[in-house]
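Fold and contact review
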Amino acid sequence: MTQLNAANTPAAGAHPDTPTAAQVTVTGLAVDGPAGVVVEPFDFSIAPGETLALIGESGSGKTLSAKAIAGLLPAGFTARGGIELTSARIELPATDAVWRATRGRRISLLLQDPFTSLSPVHRCGAQIAMTIQAASATRLSKAECAELVTQRLAEVNLPADVARAYPHELSGGMRQRVAIAAALATDPELLIADEPTTALDASNQGEILDLLRGLQENRGMAALLISHDLGMVRGRAEHVLVMRHGEIVERGVTSSVLNAPSHPYTRALIEADPSLTDRSAGVVRTASGVGVGVAGAARDNATGETGDLVVATDVTKSFGDKTVLHGVSVTVGRGETVGIVGESGSGKTTIARCIAGLEYESSGVIAFDGVALAPGRASRTPKQMQIVFQDPYSSLNPMISVGRSLKLALRVAGRPASDLNGLLQLVELPLEFARKRPAELSGGQRQRVAIARALAVQPELLICDESVSALDVSVQKQILDLLAKLRVDLGLSILFISHDLAVVRQLADRVYVLRHGDVVESGPCHDVLNAPTHPYTQALVAASIHEAPTH
Amino acid sequence: MSSTEAIVLAKAPRSRRRHPVAVWVSIALLGLVTFLAIFGNLIAPDATAQSILDSLLPPGSPGHLLGTDELGRDVLALTIAGASSALVGPVCVALGSMLLGILLGTVSGYLRGPIDFIIGRWTDLLFSLPLLLAAIVVAGVFGAGYWMTVLLLILLFSPSDIRIVRAGVMEQAARPFVEAAQMLSLSKARIMFTQVLPNVSSLIITNSMLNVAFALVAFSSLSFLGVGVAPGTADWGRQLTDGRSIMIDNPAAVLVPALLIIGVASAANLVGDWLGQNLTRTGRS
């Protein structure tokens, strides 16, 4: 419980089966919702220094289970079961007083989104100090507190001056480190990490998870890692539980579950994960076999046509003093799918937005179909290009029904409103969705609507700006399959922006690698991602493989 | 996205929570005052009729439930007749300043640039004018009057509406659905008023209810100071001035209009708050 305790048992992490090692044991954990049982009773125990991963899709009950253990269930939900810690035993449902003594001290929770889990109006140091102060038995002086804050920041590899920064001044990865520092400030016995890296870039994800792992082993702390990403779990958790519809369908040692899944659902999850499936073929894998080899066919098609659709030459872009694009040149051929990869801040979204006319380039020429376009939307027509944005929750107008949104787009293109049904069929949505508001749809369904809206005007170029990054792996796969199908059926050219190499590998014919506003490498997707020549690309590829060392 | 799902699930029981009693009482009070504002003339046709013989009757006198004032006017009838002046002015002020807020705030928040700068300095200027001082100066220059006060209050209330709408529009304008509308090459006016504005509507409605409350208090203050309605008009603020000197003889002449001002202002505030919470819950995803 105390820091002394953790420091005295450094070996606990390395040898979790030491007979004296205390464990965190949860028995008969179940969650009841307003409409009945949401999570069926299940047991698990985690040895100090070990990680248990709880895997499932959205709606599987994994987050509710985590919240039940942290005593943070939303109104209308109650937990059953018991939690055995070395220092306490909690019978669920527990009173608020019990939770106040436990939560944040013996059990800490690390949330998914570093952008909202920190208070925007308090300095990071103050937020870490708050948890230290809350957990401390005696009142600490300001200097002592500052000293501890610096220590915690050093543990998560952040410089001391981060304490004086506000969250918005930090990158996503740094924010998540601050959140980790705050969560660990109290030396909890159990850390619950709810999708801790979903909102981060590929290279950040690995770092954060390895950092967590290191901290946890040093302290002999048990961790429960909630994730939808099987690839992320490999090599970072000793045991894994797979949850579906509130039931544990498979459990066991991580490597054996991933290599020899016994339940069909686990197999489906593994197959849906682009980083776990065949990484070298460069083709889209679908259950029906549709889409296999599409990349090659489209490339042949591209060379058959005359000229390129979009040619961006030496595009630069500055925001104030900050230059985000230093002369980027990108070409998209007819019927071709071009990927642009890079970390956040690399300028990949900016170049896409310049091409779309949503951003005014500072210099350079963007030509569409051989005609140079002036910067901005005014010189572009809807039929030339459309964008599908990253966040399906904000890319549809919440006050306007799906049908009205789509009809508006159809009207713009001069198509009759009766084409609405065909449009919904195209993105494989039921016709009654026309009457729904975006709030009634899931993330994947909204993204389908966003694609339908983009396709309503029959654009020549579809720009996908991180269009699948906010989705679960299985939904991601469905949307990627849909895109693969649409580009064959409609002969679309696609500019695909992503930080996720595995996703780009599935869809793109050619790929550009962007770093700090420069193209560091480009070429056929297969060549660039399998035999990268630039050290940065090599690092990116290594980071994505590190995430899921399947071979 | 499972946490989002949990939140959506959590909303279900919360929205089933019954509306607080205070909100129902407020709605009832506002309904009653609205009824009196419309039909007050029928219920109390000659509220301002004076009668020296009936001067200063205490509450509970026969024929005068709340007594009479110095001029022998029936306090109950005067209060009923005052409902229309208490409601019409504030509602006009709220609507007028809402209209200005929608027009200038949307344009300012969506177009930004020089227009935003000009509108911004204009609101700064209006913000800096003290309400009562401005009203006294305007009354001195143009003469006091009910509709003059309405116009002045619209002008003085508008900067807060402009700022609020502008902030709401700026928040929405950065969202991808607005960019999706730009990708369809819709005109700026069309994007502003058909795509962005509906998402700010809950904000506007809430703020307008609050404006009704503030405007009522402002009207009453101005009437109390003698720069609002003309003397002799049935008006709650006016009743306070007239009733001050006869507090001992007929306390109802002051207390009843005073309580009504407080009650109606609080009710408008509560209903505005409640509307705000409920509209945002259904409006946003």
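Preceding this section is the structure that the text describes.
All right, on to the sheet that holds strand E17 (residues 461–465) of chain A then. Backbone-to-backbone hydrogen bonds pair the strands of a sheet. The strands run either parallel or antiparallel. Residues and elements named next belong to chain A. Pairing is mixed across the open sheet formed by six strands, whose spatial order is E16-E17-E18-E13-E19-E20. Strands at the two margins of the open sheet, each flanked by one partner only, are strand E16 (385–388) and strand E20 (518–524). In this sheet, adjacent strand axes meet at a mean angle of 15° when their direction is disregarded. With five bridges connecting them, strand E13 (residues 337–341) and strand E18 (residues 493–498) associate as parallel partners.

Attention now moves to the layout of surface pockets. By volume, the second largest pocket amounts to about 670 Å³. Lining the second largest pocket are 21 residues, and of these Leu358 and Tyr360 of chain A together with Tyr110, Gln182 and Lys188 of chain B lie nearest its centre. Among the secondary structure elements, those contributing two or more residues to the lining of the second largest pocket are helix H3 (75–111), helix H6 (146–173), helix H7 (176–183) and helix H8 (188–196) of chain B. Here the lining of the second largest pocket is composed, by residue class, of 11 nonpolar, four polar and six charged.

Our focus in this paragraph is helix H9 (residues 201–225) of chain B. Given a rise of 1.5 Å per residue, 25 residues ought to cover 36 Å, and the 35 Å separating the end C-alpha atoms of H9 of chain B matches this to within 8%. Gly226 of chain B lies just past H9 of chain B and shows a positive phi near 90°.

Once that is clear, we can look at the packing of aromatic side chains. On inspection of all chains with the given rule, the structure shows four aromatic pairs over all chains. Seen from their ring centres, Phe35 of chain B and Phe39 of chain B are 5.0 Å apart, and the 50° between their planes marks the pair as tilted. Separated by four residues within a single helix, Phe35 of chain B and Phe39 of chain B lie in helix H2 (residues 21–43), roughly one turn from each other. Ring geometry for Tyr146 of chain B versus Phe219 of chain B: centroids 5.3 Å apart, planes at 35°, classification tilted. In this pair, Tyr146 of chain B sits in helix H6 while Phe219 of chain B sits in helix H9, placing the two residues 73 residues apart along the sequence. An aromatic cluster of three or more residues is present, and its members are Tyr146, Trp147 and Phe219 of chain B. The positively charged end of Lys436 of chain A is found above the aromatic ring belonging to Phe433 of chain A, 4.7 Å away from the centroid. Its guanidinium or amino end placed over the ring of Phe117 of chain B, Arg121 of chain B lies 4.7 Å from that ring's centre, counting from NZ or CZ.

A few words on the sheet that holds strand E5 (residues 89–92) of chain A. All names here are of chain A. The strand order E2-E1-E4-E5 describes an open sheet built from four strands, whose pairing is antiparallel. Every other strand in the sheet has two partners, leaving strand E2 (36–46) and E5 as the edge strands with one partner each. Across the sheet, the mean angle from the axis of one strand to that of its neighbour is 10°, orientation sign disregarded.

Below, the discussion takes up helix H5 (residues 142–155) of chain A. Because the α-helix completes a turn every 3.6 residues, residues three or four places apart line up on one side. Residues and elements named next belong to chain A. With 14 residues, H5 should cover 20 Å at 1.5 Å per step; its first-to-last C-alpha distance of 20 Å lies within 8% of that length. Restricting attention to buried positions, one finds in H5 the residues Cys145, Leu148, Val149, Arg152 and Leu153. Taken end-on, H5 shows its buried residues confined to a sector of 140°, consistent with a single buried face.

Contacts between chain A and chain B engage 41 residues on the former and 26 residues on the latter. When chain A packs against chain B, the two sides together hide about 2900 Å² of surface, and 61% of this comes from carbon and sulfur. On the surface where chain A and chain B come into contact, there are one salt bridge. Here Arg353 of chain A ties to Glu179 of chain B by a salt bridge, and the two come within 2.4 Å at their closest N and O atoms. Counting across the interface, chain A meets chain B through eight residue pairs in polar contact (both at pLDDT 80 or more). Broken down by secondary-structure element, the contributors of at least two residues to the side of chain A that touches chain B are helix H2 (62–70), helix H12 (348–356), E16, helix H13 (402–412) and helix H15 (443–456) of chain A. The residue inventory of the side of chain A that touches chain B, partitioned by class, reads 21 nonpolar, 10 polar and 10 charged.

Here is what the cut-offs are and how they apply
- Residues numbered from 1 in each chain as written.
- Chains lettered and ligands numbered in written order.
- Predicted model: local features only at pLDDT ≥ 70, side-chain atom pairs only at ≥ 80, totals over all residues.
- Heavy atoms only, no water.
- Pairing = 2+ DSSP bridges.
- Helix = DSSP H or I, 4+ residues; strand = E, 2+ residues; numbered from the N terminus.
- Axes fitted to C-alpha atoms, helices over the stretch in contact; angles between N-to-C directions.
- 1 Å grid on protein atoms, 1.4 Å probe; cavity = no way out; pocket = protein on both sides within 12 Å on 5 of 7 lines; lining within 4 Å.
- Points joined across faces, edges and corners; volume = space filled by probe spheres on them.
- Nonpolar A, V, L, I, M, F, W, Y, C, P; charged D, E, K, R; others polar.
- Expected span 1.5 Å × (residues − 1).
- Phe/Tyr/Trp six-rings, centres within 6.5 Å; stacked < 30°, edge-to-face > 60°.
- Lys NZ or Arg CZ within 6 Å of the ring centre and 35° of its normal.
- Buried < 20%, exposed > 50% of the residue type's maximum accessible area, 1.4 Å probe, protein only.
- Arc of directions from axis to C-beta.
- Contact = heavy atoms within 4.5 Å.
- Buried area = accessible area lost by both parts, 1.4 Å probe.
- Salt bridge = Lys/Arg side-chain N within 4 Å of Asp/Glu carboxyl O.
- Polar contact = N/O pair within 3.5 Å; in protein donor to acceptor, adjacent residues only side chain to side chain.

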